[in-house]
Amino acid sequence: MISAQDRHYLARCVELARQALAQGDEPFGSLLLSADGQVLFEDRNHVAGGDHTRHPEFEIARWAAANLTPAQRAASTVYTSGEHCAMCAAAHGWVGLGRIVYASSTPQLSAWMQELGFPAPRVKALRITDVITDTPVDGPDAELAEQVGALHRARQRPAGAGSA
């Protein structure tokens, strides 16, 4: 269940996604919260340069592995504007991070991308729970998902795509 506190952090993730879009990148943003409520790390997408592993959730996993104990990682929460892709979910699981809370879901993103005429991704769109099985997961949030959808709709359409 998503609480008012969760929505506060998810709103920050949507703001990070907005910043990514403003910088010419795909609109995704995420943050890592410690068990005591301290924001430890936040990031946005950096895939526009061609490295499609530069997702904020993947960067969180890398940072956490280098800077937190296994117990601290397990007690943390990752907030993100969009449900983790398969790569990020696997990194999350391998590093042993705790709860995940997301604003918009993988099926929502898939529908938006199809609606906008983007080609199907090279990597299968899986839900977090299809990749890792022992992590508490909450999402989506209807109101924030609409904001995320609007950011995706504001993206540059691929060449040759029709209007949606």
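Residues numbered from 1 in each chain as written. Predicted model: local features only at pLDDT ≥ 70, side-chain atom pairs only at ≥ 80, totals over all residues. Heavy atoms only, no water.

Another aspect to go through is the pairing of strand S2 (residues 39-44). Bridge count for strand S1 (residues 29-33) against S2 is five bridges, and the pairing is antiparallel. Bridge pairing in S2 places Ser 30 opposite Asp 43. Two successive antiparallel strands, S1 and S2, enclose a turn made up of five residues, where Gly 37 displays a positive phi of approximately 90 degrees. (Pairing = 2+ DSSP bridges. Helix = DSSP H or I, 4+ residues; strand = E, 2+ residues; numbered from the N terminus.)

A few words now on the side chain of Asp 43. Within the element layout of this structure, Asp 43 appears in strand S2. Although buried, Asp 43 forms no salt bridge, and the nearest oppositely charged side chain, Arg 54, lies 5.3 Å from it. Within the structure, the side chain of Asp 43 is placed 2.9 Å from the side chain of His 46, a separation counted as a polar contact. With near-sequence residues (within four places) excluded, Asp 43 lies in contact with Leu 16, Gly 29, Ser 30, Pro 56 and Glu 59. (Buried < 20%, exposed > 50% of the residue type's maximum accessible area, 1.4 Å probe, protein only. Lys, Arg positive; Asp, Glu negative; His and termini not counted. Salt bridge = Lys/Arg side-chain N within 4 Å of Asp/Glu carboxyl O. Polar contact = N/O pair within 3.5 Å; in protein donor to acceptor, adjacent residues only side chain to side chain. Contact = heavy atoms within 4.5 Å.)

Turning to the packing of helix H1 (residues 4-22) against helix H7 (residues 142-153), a few remarks are in order. Where H1 contacts H7, the two axes come as close as 10 Å, and the packing angle between them is 5 degrees. Taken together, H1 and H7 sit at an angle that is classed as roughly parallel. Of the residues in H7, those touching H1 at Arg 7, Leu 10, Ala 11, Val 14, Ala 17, Arg 18 and Leu 21 are Leu 144, Gln 147, Val 148 and Leu 151. (Axes fitted to C-alpha atoms, helices over the stretch in contact; angles between N-to-C directions. Parallel < 35°, antiparallel > 145°, perpendicular 65-115°, else oblique.)

In this section: the sheet that holds S2. Pairing in this open sheet of five strands is mixed, and the strands run S2-S1-S3-S4-S5 from one edge to the other. Of all strands in the sheet, those with a lone pairing partner are S2 and strand S5 (137-138), marking the two edges. Its contacts with the sheet put H7 on strand S3 (77-82) and strand S4 (99-104), and the angle it makes with S4 is roughly 60 degrees.

This part takes up the packing of helix H2 (residues 56-67) against helix H4 (residues 86-95). The contact between H2 and H4 brings their axes to 8 Å, and the two run at 15 degrees. The angle between H2 and H4 falls in the class roughly parallel. Handedness of the H2/H4 crossing: left-handed. Here Glu 57, Phe 58, Ala 61, Ala 64 and Ala 65 of H2 lie close against H4, whose contacting residues are Met 87, Cys 88, Ala 91, His 92 and Val 95. Class assignment of the residues belonging to the contact of H2 with H4 gives a composition of eight nonpolar, one polar and one charged. (Left-handed = near helix turned anticlockwise from the far one by under 90°. Nonpolar A, V, L, I, M, F, W, Y, C, P; charged D, E, K, R; others polar.)

With that settled, consider unusual backbone geometry. As a rule of thumb, non-glycine residues mostly have phi less than zero, and peptide bonds are mostly trans rather than cis. Going from Gly 139 to Pro 140, the amide bond is cis rather than trans, its omega being -5 degrees. Positionally, Pro 140 belongs in the loop between S5 and H7.

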